[in-house]
Amino acid sequence: LTRMLSAQGVNLRMLSNEIRHRRATEMLVRSVQPVSEIGYRLGYGSAAAFVTAFRKIAGVTPMAFRKEQS
């Protein structure tokens, strides 16, 4: 699996982060759960870790993303 992903220019961590980000965006749009709860449900150790990871990929905080979607 690792070799196959590597041939595609992807590694397991990148794939995992992409999946987590997709789930986060779905949860932010479809639910009213607090951002911290979404982060914990996705396996982040703290709300701050979730916000940092989300901002790194999306360029905005989870709250800003949620507001843009409404």
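Keep in mind that what you see is a predicted model, and the values were worked out from it rather than measured.

*Asks:* Help me out: how do you make sense of the overall build of the chain in this one?
*Replies:* Tallying secondary structure elements over the chain gives five helices and zero strands in all. Secondary structure elements of the chain, listed N to C terminal, follow the sequence α-α-α-α-α. Taking the principal axes of the C-alpha coordinates as reference, the chain spans close to 40 × 25 × 20 Å. For the chain, buried positions account for 23% of its 70 residues. Long-range pairs, those at least 24 residues apart, make up 39% of the contacts in the chain between residues at least 6 apart in sequence.

*Asks:* For this particular structure, what's the right way to read the nonpolar core?
*Replies:* Across soluble globular proteins, nonpolar side chains show a tendency to be buried alongside one another. With 10 residues, the main nonpolar core is built from Ala24, Met27, Leu28, Val35, Ile38, Leu42, Tyr44, Phe50, Phe54 and Phe65. Secondary structure elements with two or more residues in this core: helix H2 (12-30), helix H3 (35-41) and helix H4 (47-58). Of all the elements, H2 adds the most residues to this core, at three residues. Residues contacting phenylalanine 50, with those up to four places away along its chain left out, are Ala24, Val35, Ile38, Gly39, Leu42, Tyr44 and Pro62.

*Asks:* Can you walk me through the packing of H2 against helix H5 (residues 62-69) in this structure?
*Replies:* When two helices pack together, their arrangement is captured by the angle between the axes and the distance separating the axes. Axis separation between H2 and H5 bottoms out at 9 Å; the angle between their running directions is 55°. It follows from the interaxial angle that H2 and H5 lie oblique. Judged by the sense of rotation from one axis to the other, the crossing of H2 with H5 is right-handed. Contacts between H2 and H5 involve Thr25, Met27, Leu28 and Val29 from the first element and Pro62, Phe65, Arg66 and Gln69 from the second. When grouped by side-chain class, the residues that make up the contact of H2 with H5 number five nonpolar, two polar and one charged.

*Asks:* Hey, could you run me through H2 in this one?
*Replies:* In an α-helix, one turn spans 3.6 residues, which is why side chains three or four residues apart end up on the same side. An ideal rise of 1.5 Å per residue puts 27 Å on 19 residues; H2 measures up with 27 Å between its terminal C-alpha atoms. Every buried residue belonging to H2 is among His21, Ala24, Thr25, Met27 and Leu28, and all of these are buried. Seen end-on, H2 carries its buried residues on one side only, within an arc spanning 165°. Along its buried surface, H2 packs onto H3, H4 and H5.

The rules behind each value
- Residues numbered from 1 in each chain as written.
- Predicted model: local features only at pLDDT ≥ 70, side-chain atom pairs only at ≥ 80, totals over all residues.
- Heavy atoms only, no water.
- Helix = DSSP H or I, 4+ residues; strand = E, 2+ residues; numbered from the N terminus.
- Buried < 20%, exposed > 50% of the residue type's maximum accessible area, 1.4 Å probe, protein only.
- Contact = heavy atoms within 4.5 Å.
- Core = buried A, V, L, I, M, F, W, Y, C linked by side-chain atoms within 4.5 Å.
- Axes fitted to C-alpha atoms, helices over the stretch in contact; angles between N-to-C directions.
- Parallel < 35°, antiparallel > 145°, perpendicular 65-115°, else oblique.
- Left-handed = near helix turned anticlockwise from the far one by under 90°.
- Nonpolar A, V, L, I, M, F, W, Y, C, P; charged D, E, K, R; others polar.
- Expected span 1.5 Å × (residues − 1).
- Arc of directions from axis to C-beta.

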